[in-house]
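Chains, contacts and geometry: an overview
In case you want the letters, here they are:
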Amino acid sequence: MGPDANESIRQPMGQRGKITKFNMTAISFIASDSENVLWDRLSTFFESALVLQVSSAFLGTGDELTSWVEKGRERRAEVVVRLEYPTNHASVASLLKHPRIAIRAADPAKTPFHEKLFLAISSAGEPLGAYIGSANWTQGGLRRNQEAGVWISEQPILREKTGHIKDQFNSA
């Protein structure tokens, strides 16, 4: 039998930590392939959100983001992305013109930025869920590539991720 939530575990580099138990029904595995398009799955999770926060190493398209924002008068998006290749600068320029989409450039001089975190926020400002996985916000990542990740709706994790993405956005 494994350790419980109150037992210390040995972590890398000799650090001690605590195991945190989570409701595993609040964490779902999501994979995409030629028959299961990632964007189709994610867009259903994003449907009830008012704000979509995207932290992606690369941005190749703005179509899905613009379409999602335009489906609701109050919807908005916040994006943190690296501007190096293969980020599509025409897509970034187009999104910068949208009044409800804010984009910040990650500074690779501070730290190598390679995140793939998409967070849905409710109208009350509470996190609804987050995708963490292999997909960048590109046509390949959202529509063509074989990708894998998890959808998380566990509130303690979401609160942590909300703070993380807010810090990334504010420091970019």
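Residues numbered from 1 in each chain as written. Predicted model: local features only at pLDDT ≥ 70, side-chain atom pairs only at ≥ 80, totals over all residues. Heavy atoms only, no water.

When helices and strands are tallied, the protein shows 5 helices and 9 strands. Secondary structure elements of the protein occur, N-terminal to C-terminal, as β-β-β-α-β-α-β-α-β-β-β-α-β-α. Restricting to contacts in the protein with at least 6 residues of sequence separation, those with at least 24 account for 66%. Per element, the accessible surface of the protein, about 9600 Å² overall, is 51% carbon and sulfur. (Helix = DSSP H or I, 4+ residues; strand = E, 2+ residues; numbered from the N terminus. Contact = heavy atoms within 4.5 Å. Areas by Shrake-Rupley, 256 points an atom, 1.4 Å probe, with all protein chains shown as cover.)

Turning our attention to the environment of Ala-135. Structurally, Ala-135 can be placed in the loop between strand E8 (127-133) and helix H4 (139-144). Taking the C-alpha atoms as reference, Ala-135 lies 9.3 Å from Ala-57; in sequence the two are 78 residues apart. Ignoring anything within four residues of it in the chain, the contact list for Ala-135 reads Leu-38, Lys-116, Phe-118, Gly-141 and Glu-147.

Attention now moves to the nonpolar core. If you look at the biggest cluster of nonpolar residues, it comprises 27 residues, and the most contacted ones within it are Trp-39, Leu-42, Phe-46, Leu-65, Phe-118, Tyr-131 and Trp-137. For this core, the secondary-structure elements that each account for two or more residues are helix H1 (38-46), strand E4 (51-56), helix H2 (63-70), strand E5 (76-81), helix H3 (89-96), strand E6 (101-105) and strand E7 (116-121). Broken down by element, the residue count for this core peaks at 4 residues, all from H1. The residues contacting Trp-39, other than those within four sequence positions of it, are Phe-46, Glu-64, Trp-68, Trp-137, Leu-142 and Arg-143. Grouped together as the second largest cluster of nonpolar side chains are 9 residues, Val-51, Ile-121, Ile-152 and Leu-158 included. (Core = buried A, V, L, I, M, F, W, Y, C linked by side-chain atoms within 4.5 Å. Buried < 20%, exposed > 50% of the residue type's maximum accessible area, 1.4 Å probe, protein only.)

Right, let's get into the pattern of salt bridges. Side chains that differ in sign of charge can pair as their charged atoms come close. The final tally for this structure, using the stated rule, is 6 salt bridges. Taking the shortest distance from any N to any O, the salt bridge between Arg-75 and Glu-47 comes out at 3.6 Å. Pair noted here: Arg-75 is in the loop between H2 and E5 and Glu-47 is in the loop between H1 and E4, with a separation of 28 residues, a long-range link. A relative accessible area of 6% means that Arg-75 is categorised as buried. Of the residues examined, Glu-47 reaches a relative accessible area of 45% and is grouped as partly exposed. (Salt bridge = Lys/Arg side-chain N within 4 Å of Asp/Glu carboxyl O.)

Turning our eyes to something else, we now look at H1. Looking at H1, one finds that the buried residues are Leu-38, Trp-39, Leu-42, Ser-43 and Phe-46. Projection of H1 onto a plane perpendicular to its axis shows the buried side chains occupying an angular sector of 120°, all on one side. (Arc of directions from axis to C-beta.)

The next thing to look at is the sheet that holds E4. Spatial strand order, E3-E9-E8-E7-E4-E5-E6: 7 strands in an open sheet with mixed pairing. A single partner strand is all that each edge strand has here, and the edge strands are strand E3 (27-31) and E6. Geometrically, the sheet is characterised by an average inter-axis angle of 15° between neighbouring strands, direction not taken into account. Both E4 and E7 contribute to a ladder of 6 bridges, which runs antiparallel. Counted as the bridge partner of Ser-55 is Leu-117 from E7. Most of the contacts of H1 go to E3, to which it runs at about 150°, and overall it touches E3, E4, E7, E8 and strand E9 (148-152). (Pairing = 2+ DSSP bridges. Axes fitted to C-alpha atoms, helices over the stretch in contact; angles between N-to-C directions.)

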